[in-house]
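# Geometric and topological summary
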Amino acid sequence: MVKRFFVYGLLGWGIEVFWTGLGSLMRGDLRLVSFTNLWMFLIYGCAVFLEPIHDIIRNWRWPLRGLIWVIIIWGIEYTSGIILKSLLGTYPWFYTGRFVYEGLVKFDYAPAWFVAGLLFERVHATLDS
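One structure accompanies this document, and this report is about it. Computed from a predicted model, the values in this text were never measured in an experiment.

This next bit is on the nonpolar core. Core analysis: the largest hydrophobic core is formed by 11 residues, namely F5, Y8, F41, A47, V48, L50, I57, W69, L118, F120 and V123. Every element with two or more residues in this core is listed here: helix 1 (2-26) and helix 5 (110-128). Looking at this core, the element that brings in the most residues is helix 5, giving 3 residues. Ignoring sequence-local partners within four residues, the contact set of L118 consists of W62, R65, G66 and W69. Among the nonpolar cores identified, the runner-up in size contains 10 residues, and M40, Y95, L104 and W113 belong to it.

In structure tokens form, the structure reads like this:
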């Protein structure tokens with residue numbers, strides 16, 4: 001379980017660095033500045049606790065599974081943000097824009113979370129084999 005925690009944490013970190021670097025490019029910053037923080041490693045690592053959910057829904061159709069992951073990830077974003085804000089007075093991200101809830105959840109990221117959830121399933125299956 002500890003090894004899987006580190007796999008998910010490192011994978012999440014890597015994807016976040018890629019995603020934020022891509023965001024820099026989209027804003028015209030050719031330096032491709034990327035960022036994350038140590039708290040995110042812990043949050044991504046907790047994906048190990050989602051493996052039992054994947055075991056339950058493994059044979060469901062992929063569109064439904066993807067939707068389930070979007071909802072779960074939004075819940076994790078919101079909950080972990082609230083916890084960090086209550087403990088530290090801040091949290092690692094603050095979303096802005098039209099489709100944002102309390103700066104913690106960005107609803108227009110649904111397609112990204114959909115894909116991320118299905119990729120998580122592949123990682124889980126690989127770790128199981």
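What follows is about the environment of L64. Note on placement: L64 falls in helix 4 (residues 62-88). Residue L64 is classed as partly exposed on the basis of its relative accessible area, which comes to 44%. Spatially, the C-alpha atom of L64 lies 9.8 Å from that of F114, the residues being 50 residues apart in sequence.

For the coordinates displayed, the defined rule picks out 14 aromatic pairs. A ring pair is formed by Y91 and F94, whose centres lie 6.3 Å apart and whose planes are at 35°; its orientation type is tilted. Linked through ring pairs, F5, F6, W13 and F41 together constitute an aromatic cluster. The ring of Y109 is capped by K106, whose NZ or CZ atom sits 5.6 Å from the centre of that ring.

Definitions and limits used
Residues numbered from 1 in each chain as written. Predicted model: local features only at pLDDT ≥ 70, side-chain atom pairs only at ≥ 80, totals over all residues. Heavy atoms only, no water. Core = buried A, V, L, I, M, F, W, Y, C linked by side-chain atoms within 4.5 Å. Buried < 20%, exposed > 50% of the residue type's maximum accessible area, 1.4 Å probe, protein only. Helix = DSSP H or I, 4+ residues; strand = E, 2+ residues; numbered from the N terminus. Contact = heavy atoms within 4.5 Å. Phe/Tyr/Trp six-rings, centres within 6.5 Å; stacked < 30°, edge-to-face > 60°. Lys NZ or Arg CZ within 6 Å of the ring centre and 35° of its normal.

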